[in-house]
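The residues making up each chain are set out below.
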Amino acid sequence: MEAPPDNDVLWARALRHSYQGTPALLGVSVGVRAGEILALAGPRGSGKSTLLRCLSGQLVPDEGEVWFNSGPVHTLPETARERLRRDRFGWVGADPQLLPELNVWENAALPLLLRGESGRVARAAAREWLDRLDIGDIARRRPTGLSAARRQRVAVARALVTGPAVVFADEPTAPLHRDERTLVLRTLTSAARTHGITVVLATTDPDIAAHADRIVPFADGRVAPFAHDPGQDQGQGEDQAKGPGKGQGKGPQQGQSKDLSTPRPATV
Ligand SMILES: Nc1ncnc2c1ncn2[C@@H]1O[C@H](COP(=O)(O)OP(=O)(O)OP(=O)(O)O)[C@@H](O)[C@H]1O
C-alpha cells in the first residue's frame, strides 16, 4: 500500500463496490484537501452516497483503498472505524433523524454525550453551535413541529459539535424549499470554513454544488471527465483505477470551476 499525498485529508484509490451484483462504484479515485469544501455532483443512482459511505468508513469497498490523515481506513476493524466516525467525522443526510424524545440541544449534543462527555460540557458545546447557526432560541424545544429548515440546522449542529475533521453531507438540503436550501448550505459551509473543517458534499443540484470550492462530476459510478457530457466518461474507469497520483489534480486552484455547465477536465 502506497501512502497518499500529505496534503490530502482523505484519499481514495480505485474504489469498486457492488450491492448484490448491482454496481455502484466502478474504479473511483479522489483526493480531498484539508479544509476544502468538495462537491460530488451527479444524478441519482450514480454512486455518490456509496462513495461517501466508503470515505467515511461506514462501508468497506469491495476493492480499493481509503485513507484518512495518512492512515488506512479500509483495513481498520469495525470498532476502529466506528470510533473514527464518532471522533473525527460528522454526517448530515437528507433526513435529519432527530430523536423526538430529546429537545433540540440534547439532539445536537448527542455525539458528545455518546462518547462520554459530561452533560455540562456537551450542553455548552451544543448551545454554542445552536447560537452560531442562529437557532439558539429553540434549544429547549422538541424537534417535532419545527420547520424542515430548522430541523436540518439542528442536524448540522450535531455534525459539527464534536469539532470533526470532516463533515460528510449527503443531499443535506434535499427536503427543503429552494430558498431554505441556500440558507442551510451557507450555514454549513461558512461554519466549516471558519473552523477549518473539510466538507464532502453529495448533491444532484448544480446550485448546491456551486457552494463548494471544487466540484467533482459523477456519473454511472465514476468520476465523469466532463460535467456537461456524461457520455464522454466511457473508458474512464480504467484510467481512474490507476489512481490520481501524487499531488495530481488536487485543490481548488487546479481546474476549479463552480459552473457545472462549463466543459473542463475532471479534477480528482
Ligand atoms: N443498499 C443498497 N442495496 C442495493 N443497491 C443499492 C444500495 N445502495 C445503493 N444501491 C444501488 O447502487 C447504485 C448507486 O447508489 P447510490 O445511492 O450510491 O447513488 P447516489 O448517486 O447517491 O443516488 P441517490 O441520490 O439516489 O442516493 C444505485 O444503482 C443504487 O440503486
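Refer to the structure above for everything that follows.
Residues numbered from 1 in each chain as written. Predicted model: local features only at pLDDT ≥ 70, side-chain atom pairs only at ≥ 80, totals over all residues. Heavy atoms only, no water.

Undergrad: Looking at this structure, I do not really get the site of the ligand. What am I missing?
TA: The environment of the ligand is formed by Tyr-19, Gln-20, Thr-22, Ala-24, Pro-43, Arg-44, Gly-45, Ser-46, Gly-47, Lys-48, Ser-49 and Thr-50. Here an oxygen atom of the ligand and a side-chain polar atom of Arg-44 are 3.0 Å apart. In this structure, Gly-47 approaches the ligand through a main-chain N or O atom, which is 3.0 Å from an oxygen atom. Taking 620 Å² as the accessible area of the ligand by itself, protein coverage stands at 64%. When contributions to the shell around the ligand are tallied by element, the ones reaching two or more residues are strand S2 (22-33) and helix H1 (48-55). Classifying every residue of the shell around the ligand by side-chain character gives three nonpolar, seven polar and two charged. (Near = heavy atom within 4 Å. Polar contact = N/O pair within 3.5 Å; in protein donor to acceptor, adjacent residues only side chain to side chain. Areas by Shrake-Rupley, 256 points an atom, 1.4 Å probe, with all protein chains shown as cover. Helix = DSSP H or I, 4+ residues; strand = E, 2+ residues; numbered from the N terminus. Nonpolar A, V, L, I, M, F, W, Y, C, P; charged D, E, K, R; others polar.)

Undergrad: Got a minute to help me understand the pattern of salt bridges in this structure?
TA: Oppositely charged side chains may form a pair once their charged atoms are brought near each other. One pass over the full model with this rule turns up ten salt bridges. Residue Arg-13 is joined to Glu-65 by a salt bridge in which the shortest nitrogen-to-oxygen separation is 2.9 Å. Taken as a pair, Arg-13 in strand S1 (residues 8-19) and Glu-65 in strand S4 (residues 63-68) lie far apart in primary sequence, 52 residues in all. No difference in accessibility class separates Arg-13 from Glu-65, as the two residues are buried. Note that Arg-132 and Glu-128 form a salt bridge whose closest N and O atoms lie 2.4 Å from each other. Of this pair, Arg-132 and Glu-128 both sit in helix H4 (residues 119-132), four residues apart, which is roughly one turn of the helix. (Salt bridge = Lys/Arg side-chain N within 4 Å of Asp/Glu carboxyl O. Buried < 20%, exposed > 50% of the residue type's maximum accessible area, 1.4 Å probe, protein only.)

Undergrad: Please explain the environment of Ala-212 as it appears in this structure.
TA: Tracing the backbone shows Ala-212 in the loop between helix H7 (206-209) and strand S9 (214-219). On the accessibility criterion, Ala-212 (0% relative accessible area) is buried. Expressed as a C-alpha distance, the spacing of Ala-212 and Ile-37, which sit 175 residues apart in the sequence, is 5.0 Å.

Undergrad: What should I look at first to understand the pairing of strand S8 (residues 198-203) in this one?
TA: The side chains of a regular strand alternate, residue by residue, between the two faces of the sheet. Extensive coverage of S8 is indicated by the burial of six of its six residues. Residues Thr-198, Val-200 and Ala-202 line one face of S8 and the alternating positions Val-199, Leu-201 and Thr-203 line the opposite face, and both faces are buried. Sheet topology note: the strand S3 (residues 37-41)/S8 ladder contains five bridges and is parallel. The partner of Leu-38 across the bridge, within S8, is Val-200. Of the pairings in the sheet, the one linking strand S7 (residues 166-170) to S8 comprises five bridges and is parallel in character. By the bridge assignment for S8, Val-166 is matched with Thr-198. Handedness of the crossover is the feature at issue here: the chain leaves S7, passes through helix H6 (residues 178-195), returns alongside S8, and the resulting connection is right-handed. (Pairing = 2+ DSSP bridges. Right-handed = clockwise from strand over helix to strand, strands pointing away.)

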